[in-house]
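Listed here are the chains, written in short residue letters.
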Amino acid sequence: MSARRDGNGHWTGADIPDLAGKTAVVTGANSGLGLETARTLAARGAAVVLACRDAGKADDAAGRIRAAVPAADLSTLRLDLSSLASVRDAAARLRSGGTRIDLLINNAGVMAPPYGRTQDGFELQFGVNHLGHFALTGLVLDMLLAAPGSRVVTVSSNGHRVGDIYFDDLAFERGYRPMRAYGQSKLANLMFTYELQRRLAAAGRATIALAAHPGTAATELERHLPFGMRMLSPLAPHQRADRGALPALRAAADPAARGGDYYGPGGLGQFTGYPVLVASSRRSHDAAAQRRLWEVSERLTGVTYGE
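Treat the numbers as computed from the prediction; the structure is a model and nothing was measured. (Residues numbered from 1 in each chain as written. Predicted model: local features only at pLDDT ≥ 70, side-chain atom pairs only at ≥ 80, totals over all residues. Heavy atoms only, no water.)

S.K.: Would you mind going over the nonpolar core with me for this structure?
M.R.: Where a protein is soluble and globular, its nonpolar side chains tend to be buried together. Core analysis: the largest hydrophobic core is formed by 43 residues, its most contacted members being Leu94, Ile101, Leu104, Val140, Ile165, Leu196 and Tyr305. When contributions to this core are tallied by element, the ones reaching two or more residues are strand 2 (47–52), helix 3 (84–96), helix 4 (124–145), helix 5 (178–202) and helix 9 (287–301). Beyond its immediate chain neighbours, meaning those up to four positions away, Leu104 contacts Val25, Leu136, Thr137, Val140, Leu144, Arg151, Val152 and Val153. Counting 37 residues, the second-largest nonpolar core is a separate cluster that includes Ala24, Cys52, Ala62 and Ile208. (Core = buried A, V, L, I, M, F, W, Y, C linked by side-chain atoms within 4.5 Å. Buried < 20%, exposed > 50% of the residue type's maximum accessible area, 1.4 Å probe, protein only. Helix = DSSP H or I, 4+ residues; strand = E, 2+ residues; numbered from the N terminus. Contact = heavy atoms within 4.5 Å.)

This is how it looks when you write it as structure tokens:
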């Protein structure tokens, strides 16, 4: 089926070209945005690896996708981003299976949970949302580099706009504020993307790094929001998960997308709407902070990139 716009010229899943022969790894593919991303990529012919923390939920998600896409080429991979050992094991299994990786969609995340730490001692949101994906990407980067036209898409959030990188207290040991920590992790997602793209381009690599955000989508991600924000949440504009997944899908599959692009909903405040190129905060473009975050991330994860 050829790609086409909807009647109003909006980019939709129908604009995704045929992905037969390509393999996509989607983290957090068992629910919400990840599930919709995996389903759509599978429907366009890609082989999709559902990389999830809970193996049972991954199997259930694969069943749901097959019910909608009977010919879907799916496999599951246990990946717990809160454990660097699990990240390394998942990367090793991808490697041992000879899996070709054309698309890595760094989608999984947590939002505003009570204070917690990963198995390696990192603040949970920074550890899962940023460090886990930083490590995974680095560990499979050579597989991406070997695939022509490959892409790394990392899902950020409008929440990055209220974030900063607290280099002197990344673990929030001096006072935890859930949304401040979330903002830090989502800002880190963007800084990682921009720095990765700069390094890939400097090395003359064809692989590109892009970012996306879903706006405000109706998923389970909001379940940990503070009470006051949960009360206000139903009043805010929301869109379905399948619409919220479109920015990441456009970053992954639009032939016109370029390294360093950032996609989000085109509606008022970027809460809802069809995916368009959007601008991120000025802070996200601080090149010195990007490099510093990269160096800190390499030290904390023990994963060094060899672009």
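S.K.: I would appreciate a short explanation of helix 5 in the present structure.
M.R.: Note that an α-helix has 3.6 residues per turn; residues three or four places apart therefore point the same way. The end-to-end C-alpha distance of helix 5, which contains 25 residues, comes to 36 Å, matching closely the 36 Å that a straight helix rising 1.5 Å per residue would cover. Counting buried positions along helix 5 gives 18 out of 25 residues, so the element sits mostly inside the fold. (Expected span 1.5 Å × (residues − 1).)

S.K.: Mind showing me how you'd approach the packing of aromatic side chains here?
M.R.: Centre distance and the angle of the planes are the two values used to describe a pair of aromatic rings. By the definition in use, this model includes eight aromatic pairs. The interplanar angle of 50° and the centroid separation of 4.9 Å between the aromatic rings of Phe134 and Tyr305 together place this pair among those described as tilted. You can see Phe134 sitting in helix 4 and its partner Tyr305 sitting in the segment after helix 9, a full 171 residues away along the chain. Among the residues examined, Phe134 registers a relative accessible area of 1% and is labelled buried. Pairing Phe192 with Trp294 gives two aromatic rings, centres 5.9 Å apart and planes at 25°, and the pair type is stacked. Here Trp294 lies in helix 9 and Phe192 lies in helix 5, a separation of 102 residues in the sequence. Taking relative accessible area as the criterion, Trp294 reaches 2% and is therefore assigned buried. Aromatic ring contacts, followed pair by pair, group Tyr115, Tyr166, Phe172 and Tyr176 into a single cluster. (Phe/Tyr/Trp six-rings, centres within 6.5 Å; stacked < 30°, edge-to-face > 60°.)

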